[in-house]
Amino acid sequence: MLPPRTDSAKSRWAWFARRLGAVLGVVAVGLVGWMWWASVLPGSYSAIDMGVPDFGGGPGAETPGAAHGHVSASGTRTAASGPAADETSVSDLTADPDRPADVHVELIARAERVTLPGGAPFDGFTLNGSTPGPTIRATEGQLVEVVLRNEDVPAGVTAHWHGVDVPNAMDGVAGVTQDAVMPGQTFTYRFVAEQVGTFWYHAHQASHPQVVGGLFGALIFGPTPQTDAAAAAAGNPPVLDVVAAIHTYPGGARTINGAIGDSHQEAAPGDSVRVRLINTDSTPTSAWVSGSSFRVLAVDGHDLVGPTAVADQSVQITAGGRADLEVRVPAGGAVRVQVPGASLVIGPHGAHVDQTSAPRDPLDLLSYGEPAPTAFDSDAPDRRFTYDIGRLPGFLDGRPGYWWTINGGLGAGVPMYMVDEGDVVVMTISNSSGEAHPMHLHGHHLLVLTRDGVPSSGSPWWVDSLDVAHGESFEVAFIADNPGVWMDHCHNLPHAAEGLMTHVAYNGVTTPFRLGRDTGNDPE
Ligand code: C2O
Ligand code: CU
């Protein structure tokens, strides 16, 4: 259509502007519609087809079967086809099936109304009738067998062994390493306690509501008497061992081991105590001690080398992270281990120690303790990856929002980090998203090399959960020594559901399990 002839130049321009506006409007709507359409994931897809393969400068792209495409509407693999001859299924990555269990535990998951002593009732979850679930303890080298039974949790449950480098089939991620355990079903987990330290377990199906609601517990691997004797020779070993699982339940009650506010642990003056702090919340917490100085003996299930006494500083514990503190009960008093909103008083019955406000400075683990040689050389890694966290408006599986991105991608556009067994991998995790993210890689431990370019100068600092603040950049290294498909996500659990989730996958490993709205599997 032509502009009306009689119009003045001015009104012709107005006519053009209107036409242009209409065309641009149609284009914009079309583009947004296309973005929406392209973001919608199929109802069922495989985790290994979920991202854009990133080989980190190492081999793999040329290997047949290794170059997984974007997830497409049909998905590219089916459970029925199974792995090809040169492929391994995650289901085959198990502990020795013929070895009898040394520790056998049964966990029964229920959805129920929970009332903590002194607290208001909420709709939550229990394991064997309580939350937290039972503390599971094993000794280094023992085979742990846990039978998880779902009594009546409608969404299904799983158990993930946070920080334990289990065989992949035992990792407990719904839709990646197993199907969610539906009401009336059971799943048996078997793994060897190869690490010594403080860990925890939690649901990895609908993990945000289920973990907040109580589906978690502590998991402690103690040393053998021989290892313990060696530790004793090197210093003085704590005589008491106390678990302190920190958790904020629905309704906001802050607890330690399910107790709201203050709780008490009996100990005698002079006792040295190992306090195993576990942050089961989605945000970092600080912890501090009054009545004693303390040493940080371990972080994320790894003993630190040469920890020195700390006073007037707090310890930051990442979401999902752990810190083992050593404290000593003073003569005529007690020790208070505090987190905002709750504390654990350790000492003789009736002994008093005041609450104190949080020290201003946090202890910097980048320079705490003594350097020591590590098992591998990260100077010439086999692969180098970047895990760059940002935030963009867009569509995530058809939902509009302001989502977290990885290397600028979201949904099926995130990188999928591909490795081979034996690789030394260096990953740079940086964050320009405006918020802190507690990053957690399953099945491996990360050695912190640098933070904002400053090399680690204290004890080797191994983590499975690492707080990366806005504007920060960490260089970490790990050895790819545990084949499988491993989640690598933010442990602020709502953030994982908002896109901050991908996988480290070994070339040639496939999974028969499926994610997506039609599968019932929803790991976040
Ligand atoms: Cu503590 Cu992916 O989990
Ligand atoms: Cu996050």
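These figures come from a predicted structure and were not determined experimentally.

### Topic: the environment of L344
Stage number 1. Position of L344 relative to the elements: it lies in strand β22 (residues 342–347).
Stage number 2. Linking L344 and G369, residues 25 residues apart in sequence, is a C-alpha distance of 25 Å.

### Focus: the environment of G516
Stage number 1. Checked against the element boundaries, G516 lands in the segment after β36 (509–510).
Stage number 2. Ignoring anything within four residues of it in the chain, the contact list for G516 reads P42, G43, S44, Y45 and N521.

### Points about the pairing of strand β11 (residues 240–248)
Stage number 1. Here β11 runs beside strand β15 (residues 272–279); their pairing, made up of seven bridges, is parallel. Of the residues in β15, the one forming a bridge with L240 is V273.
Stage number 2. Between β11 and strand β12 (residues 254–256), which follow one another and run antiparallel, lie five residues, and G251 among them has a positive phi close to 100°.

### Structural notes on the domain arrangement of the chain
Stage number 1. Taken domain by domain, the chain holds domain 1 (103–228), domain 2 (237–347) and domain 3 (366–518).
Stage number 2. For domain 2 versus domain 3, the separation of C-alpha centres amounts to 27 Å.
Stage number 3. The interface of domain 2 with domain 3 comprises 20 residues on the first partner and 19 residues on the second.
Stage number 4. Together domain 2 and domain 3 conceal approximately 1400 Å² of surface at their shared face, both sides included; 53% is due to carbon and sulfur atoms.
Stage number 5. Taken together, the links from domain 2 to domain 3 amount to one salt bridge.
Stage number 6. Salt-bridge contacts for D464 lead to R322; the nearest nitrogen and oxygen are separated by 2.7 Å.
Stage number 7. Counting across the domain 2 and domain 3 interface gives 10 residue pairs in polar contact (both at pLDDT 80 or more).
Stage number 8. Of the residues that constitute the side of domain 2 that touches domain 3, the class distribution is eight nonpolar, eight polar and four charged.

### Points about the pattern of salt bridges
Stage number 1. A full pass over the atoms with the stated rule returns 19 salt bridges.
Stage number 2. Residue D324 is joined to R274 by a salt bridge in which the shortest nitrogen-to-oxygen separation is 3.0 Å. Of this pair, D324 sits in strand β20 (residues 322–328) while R274 sits in strand β15, and the two are 50 residues apart along the sequence.
Stage number 3. Exposure remark for D324: the relative accessible area of 1% places this residue in the buried category.
Stage number 4. Its salt-bridge partner being D397, residue R517 comes within 3.5 Å of it at the nearest N-O pair. With R517 in the segment after β36 and D397 in the loop between β24 (383–396) and β25 (399–406), the pair connects residues that are 120 residues apart, well separated along the chain.

### Examining the side chain of T131
Stage number 1. For T131, the position within the fold is in the loop between β4 (122–127) and β5 (136–139).
Stage number 2. A polar atom in the side chain of T131 sits 2.9 Å from the backbone oxygen of G214.
Stage number 3. Separated by 2.7 Å, the side chains of T131 and Y249 make a polar contact.
Stage number 4. Once residues within four sequence positions are removed from consideration, T131 is found in contact with V114, L116, F125, G214, F216, Y249 and G258.

### Some thoughts on the sheet that holds strand β3 (residues 103–114)
Stage number 1. The sheet built from four strands is open, its strands ordered β4-β3-β6-β8 with mixed pairing. Strands at the two margins of the open sheet, each flanked by one partner only, are β4 and β8 (186–192). Recorded for the sheet is a direction-independent mean angle of 20° between the axes of neighbouring strands.
Stage number 2. Where strand β6 (residues 143–150) lies against β8, seven bridges are found, and the strand directions are antiparallel. Counterpart to L143 in the pairing with β8 is V192.

### Side note on the sheet that holds β12
Stage number 1. On the basis of which strands lie adjacent, the open sheet formed by seven strands has the order β13-β12-β11-β15-β20-β17-β18 and mixed pairing. Lying at the two open borders of the sheet, with one neighbouring strand each, are β13 (259–260) and β18 (302–303).
Stage number 2. Bridge count between β15 and β20: seven bridges; the pairing is antiparallel. The residue bridging L277 from the neighbouring strand is A323, located in β20.

### Some remarks on unusual backbone geometry
Stage number 1. The residue after T131, namely P132, is reached through a cis peptide bond having omega -5°.
Stage number 2. With respect to the secondary-structure elements, P132 resides in the loop between β4 and β5.
Stage number 3. Although it is not a glycine, D397 sits at a positive phi angle of roughly 45°.
Stage number 4. With a phi angle near 50°, D452 is a residue other than glycine that sits in the positive phi range.
Stage number 5. On the secondary structure map, D452 appears in the loop between β29 (446–451) and β30 (454–455).

### Brief notes about the nonpolar core
It is characteristic of soluble globular proteins that their nonpolar side chains tend to be buried jointly.
Stage number 1. Counting residues in hydrophobic clusters, the biggest one holds 79 residues, and the most contacted among them are V275, L277, V296, I346, Y387 and W461.
Stage number 2. Three or more residues apiece are contributed to this core by two domains, here domain 2 (237–347) and domain 3 (366–518).
Stage number 3. Ignoring any residue separated from it by four or fewer positions in sequence, one finds I346 in contact with Q265, A267, V273, V275, V327, V329, A334, V335 and V337.
Stage number 4. Of all hydrophobic cores here, the second largest spans 29 residues; its members include L148, A169, M170 and Y201.

### As for the confidence of the model for the chain
Stage number 1. The predicted model of the chain averages 91 in pLDDT, with 92% of residues at 70 or higher.
Stage number 2. Of the regions scoring below 50 in pLDDT, residues 64–81 engages in 37 contacts with residues more than four places distant in sequence or in other chains.

How each quantity is defined
- Residues numbered from 1 in each chain as written.
- Chains lettered and ligands numbered in written order.
- Predicted model: local features only at pLDDT ≥ 70, side-chain atom pairs only at ≥ 80, totals over all residues.
- Heavy atoms only, no water.
- Helix = DSSP H or I, 4+ residues; strand = E, 2+ residues; numbered from the N terminus.
- Contact = heavy atoms within 4.5 Å.
- Pairing = 2+ DSSP bridges.
- Domains from an automatic or database assignment.
- Buried area = accessible area lost by both parts, 1.4 Å probe.
- Salt bridge = Lys/Arg side-chain N within 4 Å of Asp/Glu carboxyl O.
- Polar contact = N/O pair within 3.5 Å; in protein donor to acceptor, adjacent residues only side chain to side chain.
- Nonpolar A, V, L, I, M, F, W, Y, C, P; charged D, E, K, R; others polar.
- Buried < 20%, exposed > 50% of the residue type's maximum accessible area, 1.4 Å probe, protein only.
- Axes fitted to C-alpha atoms, helices over the stretch in contact; angles between N-to-C directions.
- Core = buried A, V, L, I, M, F, W, Y, C linked by side-chain atoms within 4.5 Å.
- pLDDT = per-residue confidence, 0-100.

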